[in-house]
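# Structural overview for review
One letter stands for each residue in the lines below.
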Amino acid sequence: DLDDVLATRGPLPVGEAAAYVVQACEALAEAHALGIVHRDLKPPNLFLVRRPNGTPCIKVLDFGISKELGADSVNSKLTKTGTIMGSPLYMPPEQMMDSKTADTRSDIWALGVILYELVTGVLPWVGENVTEVVAKVLGTQPQPPSQVRPGISPAFDLVIARCLEKNRDQRFQTVQEFMAAL
């Protein structure tokens, strides 16, 4: 998985990390077209495999807490009030507030966090506990990737910043739009 790749190799070249995220976007585009939101994207759920010709291929796994858009009762047993659904380090503000409100833009946030981590080797927000992480996500802006790892383009910073907009209406609205920016 990409968590193991990051632990073994450290921060990845921007082009390689972006290529992996584009492949994840392609897979998510199919899920989103079917009305499915993953809600738990993180590096351990993105597996790097090799095609028969040796080229890399990202597989998106673990749709265990995914949500079908427009289906209020589908996950009613899983989304009780006050229950955290997903991994807070990769979770957008709206999902922190109410996991039932997650939509395709929530997955775009998570992909932005993943891409940030893949190129810098660190997460945009960290804390000693879930409460601290939530407070930081809701109340602070992350340091731009180029300030964490010199040599990253300011244009790349803008792509990441748009993924990590706290107001989901200001994020990329589709994974296709995010892919085009990458």
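So, here's what we can say about the structure. Since this is a predicted model, take the numbers as computed values, not measurements. Along each chain, the written sequence defines residue order, and numbers are assigned to residues from 1. Residue-level local features of this predicted model are given only where pLDDT is at least 70; pairs of side-chain atoms are given and counted only at 80 or more, and the full residue set underlies all totals for whole chains, interfaces and linings. The side-chain numbers reported here are obtained from all heavy atoms of the structure, hydrogens and water having been left aside.

## Brief notes about the pattern of salt bridges
The term salt bridge refers to a pairing of a side-chain nitrogen on Lys or Arg with a carboxyl oxygen on Asp or Glu at a separation within 4 Å. Scanning the entire structure with this criterion turns up eight salt bridges. Residue K42 is joined to D40 by a salt bridge in which the shortest nitrogen-to-oxygen separation is 3.6 Å. When the shortest N-O distance is used, the salt bridge between R105 and D103 registers 2.6 Å. Judged by relative accessible area, which is 14%, D103 ranks as buried. When salt bridges that share partners are traced, they join D103, R105, R168 and D169 into one network. Each residue is placed in one exposure class: buried if its accessible area under a 1.4 Å probe, protein chains only, is under 20% of its type's maximum, exposed if it is over 50%, and partly exposed if it falls in between.

## So, the packing of aromatic side chains
Working definition: an aromatic ring pair is given by the centre-to-centre distance plus the angle between the planes. Stacked, edge-to-face and tilted labels apply to pairs of Phe, Tyr and Trp rings (six-membered ring for Trp) whose centres lie within 6.5 Å, assigned for plane angles under 30 degrees, over 60, and everything in between, in that order. The final tally for this structure, using the stated rule, is two aromatic pairs. For the ring pair W109 and W125, a centre distance of 5.4 Å and an interplane angle of 5 degrees mean the geometry is stacked. Of this pair, W109 sits in helix α4 (residues 104-120) while W125 is found in the loop between α4 and α5 (130-139), placing the two residues 16 residues apart along the sequence. Summarising the burial analysis for this pair, W109 and W125 share the class buried. For helices the rule is a DSSP run of H or I covering at least 4 residues; for strands it is a run of E covering at least 2, with both sets numbered from the N terminus onward.

## Focus on the pairing of strand β2 (residues 46-50)
Both β2 and strand β3 (residues 56-60) contribute to a ladder of five bridges, which runs antiparallel. Bridging from a neighbouring strand, L46 pairs with V60 of β3. A strand pair is defined by DSSP finding two or more bridges across the two strands. From the end of β2 to the start of β3, which pair antiparallel, there are five residues, and G54 there has a positive phi angle of about 95 degrees.

## A word on a nonpolar patch on the surface
On the surface, F47, V49 and L61 cluster together into a nonpolar patch covering about 210 Å² of accessible area. Relative to the elements of secondary structure, L61 occurs in the loop between β3 and β4 (67-68). In this structure L61 comes out as partly exposed when scored by relative accessible area, which is 35%. Candidate patch residues must exceed 30% relative accessible area and have no salt bridge, after which like charges are joined if within 9 Å and Val, Leu, Ile, Met, Phe, Trp or Tyr side chains if within 5 Å. Accessible surface area values rest on a Shrake-Rupley calculation with a 1.4 Å probe, where residue burial reflects the displayed protein chains alone.

## Focus: empty space enclosed by the protein
Residues are called lining when one of their atoms sits within 4 Å of a cavity or pocket point, these points coming from a 1 Å grid over the protein atoms alone, where a cavity is a set in which a 1.4 Å probe fits but cannot get out and a pocket is an open set with protein on both sides within 12 Å along at least five of seven lines. Grid points are joined across faces, edges and corners, and a volume is the space filled by probe spheres set on the points. According to the stated counting rule, one finds one cavity of 30 Å³ or more in the structure shown. Side-chain classes follow a simple rule in which Ala, Val, Leu, Ile, Met, Phe, Trp, Tyr, Cys and Pro form the nonpolar group, Asp, Glu, Lys and Arg form the charged group, and the remainder, Gly included, forms the polar group. Taken together, the residues of the lining of the largest cavity break down into five nonpolar, three polar and three charged.

## A look at the environment of V22
With respect to the element layout, V22 can be found in helix α2 (residues 14-33). The class of V22 is partly exposed, set by a relative accessible area of 22%. Spatially, the C-alpha atoms of V22 and L182 are 7.6 Å apart, while their sequence positions differ by 160 residues.

## Things to note about the side chain of E94
If you trace the backbone, E94 turns up in helix α3 (residues 93-97). In protein, a polar contact requires one atom able to donate a hydrogen and another able to accept it; more generally it is a pair of N or O atoms within 3.5 Å, and residues adjacent in sequence count only if both atoms are side-chain atoms. A polar contact of 2.8 Å, which involves the side chain of E94, links it to the side chain of S106. Contacts are assigned to residue pairs that have any heavy atoms within 4.5 Å of one another. Ignoring anything within four residues of it in the chain, the contact list for E94 reads T101, R105, S106, K166, R168 and R171.

## Details of the nonpolar core
By size, the foremost hydrophobic cluster in this structure holds 40 residues, and its most contacted members are L41, L46, L111, L115 and F178. For this core, the secondary-structure elements that each account for two or more residues are α1 (2-9), α2, β3, α4, α5, α7 (154-163) and α8 (175-181). With 10 residues, α4 is the largest single contributor of residues to this core. In this structure L111 touches V21, A24, C25, L28, L41, V175 and F178, once residues within four positions along its chain are discounted. Residues belong to a common nonpolar core when they are buried Ala, Val, Leu, Ile, Met, Phe, Trp, Tyr or Cys residues joined through side-chain atoms within 4.5 Å.

## A word on α1
Every α-helical turn comprises 3.6 residues, leaving residues that sit three or four positions apart pointing alike. Listed in full, the buried residues belonging to α1 are L2, V5 and L6. Projected onto a plane normal to the axis of α1, the buried residues spread over an arc of 95 degrees and lie on a single side. In this structure, α1 carries A7 and T8 as exposed residues pointing more than 90 degrees from its buried face. Where α1 is buried, its residues meet α2, β2, β3 and α4. Looking at where α1 begins, the residue whose side-chain oxygen comes 2.9 Å from the main-chain nitrogen of D3 is D1. Residue G10 follows α1 closely and has a positive phi angle near 80 degrees. The arc in question is the one spanned by the directions pointing from the helix axis to the C-beta atoms.

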